[in-house]
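# Summary of structural features
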Amino acid sequence: MANFATHVGVAVGVGASLATGLTTLGYISWDVGFNLFLFFVFGTLLPDIDVDNAKPVRWVFNLFALFAALLTFSALTPAPSTGLWFSRPAQPGWTAFIGALAIWLIIRYPLAKLFQKFTRHRGLAHSLIVGLLWALAWLHFAHWQLSGDSLIFWLQSIALFGGFLLHLALDEIYSVDIEGIRIKRSFGSAMKLLDRRFMSGSIAVIILNLIMILALPNPEALLLWLKLF
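These numbers were taken from a predicted model, which means no experiment stands behind them.

### Examining the side chain of Gln 156
The residue Gln 156 is located in helix H6 (residues 150–173) in this model. On the accessibility criterion, Gln 156 (6% relative accessible area) is buried. When near neighbours in sequence (up to four residues on either side) are disregarded, Gln 156 contacts Asn 35, Leu 36, Phe 39 and Trp 138.

Pasting the structure below:
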């Protein structure tokens, strides 16, 4: 199995190369390229969130907690009030600050601990169907909750899944001992479609994927972009 530094290092190299190539050829702008690079690297961390007390767990749950806290802060901040002659900016109150802090603490500690307690390394979280679930979940969330270009949301989801897939591929490569010309016992446990030892969870993930696929946002923008190649 590749270590954390290897996963991040390879992801940075591959992600930067892909983003630079697409921007240089004019398929995307430089700011979009950097955005997709970040999603690609983040996707590389996701398969190892089931490793107890590991860096990917802390990084991913820190980012989740921060993102949820920002959304909570925004939701609890009153909208700008408009007077007769001018508009006054919104002033966040203590409720917004306390709510955001509470959400951050809940996700970062109790939820992270529960997740690690009920998951095992290279289990369901290390499967292709979960990688697809991450990508589809982000696509739906961004499409329905964020304002922006639909094409960017599609590309972000693809980058996320690409980073996830790279992680699984690296783990399989490191399961082969080239010098000793032998295959380690861990071979085949990384790149798998689902977790046969947790079929109930695998079936639940497949059902969630099917539901989100049936309710996919219009891919017209992505299809038009792909015609440029």
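Moving on from the model shown.
### Remarks on the packing of helix H1 (residues 4–24) against H6
A packed helix pair is summarised by two numbers, namely the angle formed by the two axes and the spacing between the axes. Contact geometry for H1 and H6: axes closest at 10 Å, N-to-C directions at 125°. Regarding the angle of H1 to H6, the classification is oblique. For the element pair H1 and H6, the recorded crossing hand is right-handed. Facing H1, whose interface residues are Thr 6, His 7, Val 10, Ala 11 and Val 14, H6 presents Leu 166, His 167, Leu 170 and Asp 171. Among the residues making up the contact of H1 with H6, the classes are represented as 5 nonpolar, 3 polar and 1 charged.

### Quick word on helix H4 (residues 94–117)
When the terminal C-alpha atoms of H4 are compared, their 34 Å separation across 24 residues agrees well with the 34 Å that a helix rising 1.5 Å per residue should span. Along H4, the sharpest kink reaches roughly 30°, centred on Leu 111. For H4, the set of buried residues is Ala 96, Gly 99, Ala 100, Ile 107, Arg 108, Ala 112 and Gln 116.

### Some words on the packing of aromatic side chains
Aromatic rings in a pair are described by how distant their centres are and how their planes are angled relative to each other. A full pass over the atoms with the stated rule returns 13 aromatic pairs. Between Tyr 27 and Phe 229, the ring centres sit 4.2 Å apart and the planes meet at 15°, which makes this aromatic pair stacked. Pair noted here: Tyr 27 is in the loop between H1 and helix H2 (30–45) and Phe 229 is in the segment after helix H8 (220–226), with a separation of 202 residues, a long-range link. Accessibility expressed as a relative area gives 52% for Phe 229, which makes it exposed. Between the NZ or CZ atom of Arg 108 and the centre of the ring of Tyr 109, over which it lies, the distance is 5.2 Å.

### Focus: a nonpolar patch on the surface
A contiguous nonpolar patch, built from Leu 132, Ile 206, Leu 210, Ile 213 and Leu 216 and spanning about 360 Å² of accessible area, is present on the exposed surface. The element best represented in the nonpolar patch is helix H7 (residues 199–214), accounting for 3 residues. When you line up the elements, Ile 206 lands in helix H7.

### Quick notes on the packing of helix H5 (residues 128–145) against H6
Two elements in contact, H5 and H6, have axes whose closest approach is 9 Å; the angle formed by their N-to-C orientations is 160°. As the angle between them shows, H5 and H6 are arranged roughly antiparallel. Relative to H6, the crossing made by H5 is right-handed. On H6, the residues that touch Leu 128, Val 130, Gly 131, Leu 132, Trp 134, Ala 135, Trp 138, Leu 139, Ala 142 and His 143 of H5 are Phe 153, Trp 154, Gln 156, Ser 157, Leu 160, Phe 161, Phe 164, Leu 165 and Leu 168. Of the residues in the contact of H5 with H6, the class split is 15 nonpolar, 4 polar and no charged.

So, how was this worked out
- Residues numbered from 1 in each chain as written.
- Predicted model: local features only at pLDDT ≥ 70, side-chain atom pairs only at ≥ 80, totals over all residues.
- Heavy atoms only, no water.
- Helix = DSSP H or I, 4+ residues; strand = E, 2+ residues; numbered from the N terminus.
- Buried < 20%, exposed > 50% of the residue type's maximum accessible area, 1.4 Å probe, protein only.
- Contact = heavy atoms within 4.5 Å.
- Axes fitted to C-alpha atoms, helices over the stretch in contact; angles between N-to-C directions.
- Parallel < 35°, antiparallel > 145°, perpendicular 65-115°, else oblique.
- Left-handed = near helix turned anticlockwise from the far one by under 90°.
- Nonpolar A, V, L, I, M, F, W, Y, C, P; charged D, E, K, R; others polar.
- Expected span 1.5 Å × (residues − 1).
- Bend = angle between axes of the 7 residues up to and from the residue.
- Phe/Tyr/Trp six-rings, centres within 6.5 Å; stacked < 30°, edge-to-face > 60°.
- Lys NZ or Arg CZ within 6 Å of the ring centre and 35° of its normal.
- Patch = residues over 30% accessible without salt bridge, like charges linked within 9 Å, V, L, I, M, F, W, Y side chains within 5 Å.
- Areas by Shrake-Rupley, 256 points an atom, 1.4 Å probe, with all protein chains shown as cover.
- Salt bridge = Lys/Arg side-chain N within 4 Å of Asp/Glu carboxyl O.

Read these as layout, nothing more, since geometry by itself doesn't imply function.
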